[in-house]
Amino acid sequence: MKGKELFLKALNFEATPRLPVGILDGFTWIVKRDKISYKDLLNAKDFGASHVIKAYDDFGVDNVCGINISNFFIKYMGGEVCYDKIGENFEVTKAPLKTLGEITNYSVDELIEKALADKEFIAGLKQVTALKEHYGDERLVIGISWGPFTFAGMMVGIQNFLAQVFDDEDDTQQIIEFATELIGRFAQLLIEYGADVFMVGDPVASGDMISPSMFEEFALPSIEAIAEQLNKLGIKYLVHICGSTISRVEPLLNSGIAALSVDTIDLEKALSLARGNYAICGDLNPYEVLQIKTADEVYAHCCNRANIAGLSGGFIMMPGCDLAPNIPLENLKAMVKAAHDTI
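Quick question: what am I supposed to make of the overall build of the protein here?
Looking only at helices and strands, the protein features 15 helices and 9 strands. Principal axes of the C-alpha set define a box for the protein whose edges measure 55 × 45 × 40 Å. Looking at the protein residue by residue over its 343 residues, the buried ones come to 57%. Carbon and sulfur atoms form 48% of the exposed surface of the protein, whose accessible area is close to 13100 Å². Charge separation in the protein, taken as the distance between the mean sites of 29 positive and 48 negative side-chain charges, equals 8 Å.

What exactly am I supposed to notice about the side chain of Thr342 here?
Counting through the fold element by element, Thr342 comes out in the segment after helix H15 (329-341). The residues contacting Thr342, other than those within four sequence positions of it, are Pro17, Arg18, Leu19, Ala306 and Leu311.

Explain the environment of Ala279 to me, please; I cannot follow it from the model alone.
With respect to the helices, strands and loops of the structure, Ala279 is situated in strand E8 (residues 279-284). On the accessibility criterion, Ala279 (0% relative accessible area) is buried. Beyond its immediate stretch of four places on either side in the chain, Ala279 contacts Ala10, Leu11, Phe13, Ala258, Ala259, Leu260, Gly314, Phe315 and Ile316.

Hey, could you run me through the nonpolar core in this one?
The tendency in soluble globular proteins is for nonpolar side chains to be buried as a group. Met155 and Met335 are the most contacted members of the largest nonpolar core, which has 131 residues in total. It is helix H10 (residues 169-192) that contributes the most residues to this core, 10 residues altogether. For Met155, the residues in contact, after removing those within four places along its chain, are Ile74, Met77, Ala95, Pro96, Leu97, Ile103, Ile175, Phe178 and Ala179.

In this structure, what is going on with the state of the cysteines? I would like to understand it.
What we call a disulfide is simply a covalent bond connecting the sulfur atoms of a pair of cysteines. All told, the structure shown has 0 disulfides when counted by the stated rule. Cys302 forms no disulfide, and the closest cysteine sulfur to it belongs to Cys303, at a distance of 7.2 Å. According to the relative accessible area criterion, Cys302 is buried, its value standing at 0%. No disulfide involves Cys321; its nearest neighbouring cysteine sulfur is the one of Cys242, lying 3.7 Å away. Judged by its relative accessible area of 24%, Cys321 is partly exposed.

Help me understand the layout of surface pockets in this model?
Regions of empty space are outlined by a rolling probe, equal in size to a water molecule, passed over the atoms. A volume near 570 Å³ is recorded for the largest pocket. Residue assignment for the lining of the largest pocket shows that the elements contributing at least two residues are strand E3 (91-94), strand E4 (140-146), helix H8 (148-156) and strand E5 (197-201). The dominant element in the lining of the largest pocket, judged by the number of residues it contributes, is E3, at 4 residues. For the lining of the largest pocket, a count of residues per class yields 16 nonpolar, 9 polar and 4 charged.

Explanation requested: the packing of aromatic side chains in the structure shown.
Both the distance between ring centres and the angle between the ring planes are used here to describe each pair of aromatic rings. For the structure on display, the rule yields 17 aromatic pairs. With centroids separated by 6.4 Å and ring planes inclined at 40°, the aromatic side chains of Phe27 and Tyr38 adopt a geometry described as tilted. Within this pair, whereas Phe27 is found in helix H2 (residues 27-34), its partner Tyr38 is found in helix H3 (residues 38-43), the two being separated by 11 residues in sequence. Their ring planes at 70° and their centres at 5.4 Å tell us that Phe149 and Phe161 sit as a pair that is edge-to-face. Pair noted here: Phe149 is in helix H8 and Phe161 is in helix H9 (residues 158-164), with a separation of 12 residues, a long-range link. Given the relative accessible area of 0%, Phe149 is considered buried. Grouping aromatic residues by their ring pairs yields a cluster made of Phe27, Tyr38, Phe72, Phe73, Tyr76, Tyr83, Phe90, Phe121, Phe151 and Phe186.

Even after reading the chapter, I still don't get the sheet that holds E8, so can you show me in this structure?
Note: strands within a sheet are paired through backbone hydrogen bonds, in either parallel or antiparallel orientation. Strand order in the open sheet formed by 7 strands is E1-E4-E5-E6-E7-E8-E9, and the pairing between neighbours is parallel. Lying at the two open borders of the sheet, with one neighbouring strand each, are strand E1 (63-65) and strand E9 (315-319). With strand direction ignored, the average angle separating the axes of adjacent strands in the sheet is 25°. Where E8 lies against E9, 5 bridges are found, and the strand directions are parallel. Along E9, the bridge assignment pairs Cys281 with Ile316.

I keep staring at the packing of helix H7 (residues 119-135) against H10 and nothing clicks. Help me out?
Angle between the axes and distance between the axes are the two parameters that describe a pair of packed helices. Packing of H7 against H10 brings their axes to within 8 Å, and their N-to-C directions diverge by 50°. Taken together, H7 and H10 sit at an angle that is classed as oblique. The segment H7 lies against H10, with Phe121, Leu125 and Val128 engaging Phe186, Leu189 and Leu190. Looking at the contact of H7 with H10 residue by residue, the classes come out as 6 nonpolar, no polar and no charged.

How do you make sense of unusual backbone geometry when you look at a structure like this?
Residues other than glycine predominantly adopt negative phi, and peptide bonds predominantly adopt the trans conformation. The omega angle of the peptide bond from Gly282 to Asp283 is -10°, so this bond is cis rather than trans. Tracing the backbone shows Asp283 in strand E8. In this structure, Phe47 takes a positive phi of about 65° despite not being glycine. In this structure, Phe47 sits in the loop between H3 and helix H4 (49-59). Not every positive phi belongs to a glycine, and Asn254 is a case in point at roughly 65°.

What counts, and where the lines are drawn
Residues numbered from 1 in each chain as written. Predicted model: local features only at pLDDT ≥ 70, side-chain atom pairs only at ≥ 80, totals over all residues. Heavy atoms only, no water. Helix = DSSP H or I, 4+ residues; strand = E, 2+ residues; numbered from the N terminus. Buried < 20%, exposed > 50% of the residue type's maximum accessible area, 1.4 Å probe, protein only. Areas by Shrake-Rupley, 256 points an atom, 1.4 Å probe, with all protein chains shown as cover. Lys, Arg positive; Asp, Glu negative; His and termini not counted. Charge placed at Lys NZ, Arg CZ, Asp CG, Glu CD. Contact = heavy atoms within 4.5 Å. Core = buried A, V, L, I, M, F, W, Y, C linked by side-chain atoms within 4.5 Å. Disulfide = S-S within 2.5 Å. 1 Å grid on protein atoms, 1.4 Å probe; cavity = no way out; pocket = protein on both sides within 12 Å on 5 of 7 lines; lining within 4 Å. Points joined across faces, edges and corners; volume = space filled by probe spheres on them. Nonpolar A, V, L, I, M, F, W, Y, C, P; charged D, E, K, R; others polar. Phe/Tyr/Trp six-rings, centres within 6.5 Å; stacked < 30°, edge-to-face > 60°. Pairing = 2+ DSSP bridges. Axes fitted to C-alpha atoms, helices over the stretch in contact; angles between N-to-C directions. Parallel < 35°, antiparallel > 145°, perpendicular 65-115°, else oblique.

Rendered as structure tokens:
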């Protein structure tokens, strides 16, 4: 059975002959290993696809992720980004807004228009096409973005955003709705260019960042809105939330998402709560498990998680966030071997 089919069966709570296994993003790991920058990838003749293919072939997982180019929207709004440093991440270095209310000065249509006129943004989309053409149905092609709630924070700076959220709830709702519409439009572009599913990172929605009530009032509606949009298109929506996530499992029931990707969690409890509603992806801490343990220790840890999850669907073994750039490849292969040995 091919990787894409395995991945989708798990998302649909169907039994699989072995445990599906994946990688979330991985681009910081790729640029570090290959001694290149995000800018180099986007300006390569093949849009960086060969670097991604080599890495994912080395990983041996059931998916492949396209590059996250959603930071470019920050640049189009007048903010500053950095993506030309060898071996380093694509970073936002200056937020375009100071207050939430300034969002009224911007238009989603204008930002999309600027994106489609940007050679590097288009290169990111074409990379997804190249990955789809290369892998076909061999691996699930995942289009990646920031989640709307996190992107709303990025537009004003995360700490500034959280400090202003309760000052004017109308402005808060307006900037989140703006981000939701923008990310929804971006999702549609990724699907048009070949992504099989859409996945976001929403770290600001973490239990380490905001309270359960704040999550349900401000972050959850944006998740539900994107899920509703994509479900109408028959596209699955996967959401990654960093850090403390057990308090997010129940509120996300009936949100319409296909999977919640998590860091470290009470896996047995999370699987029991989410069963039949959405799948759980994870929950391998990129540093504490995948980076500092030996390959044998990683294998043993992953086998333990696999035994908890079983093969009845609803779980995909994955790192609990983007790959730390110093994770040894042998440890990632140990993760994959553990999944393959669970039959």
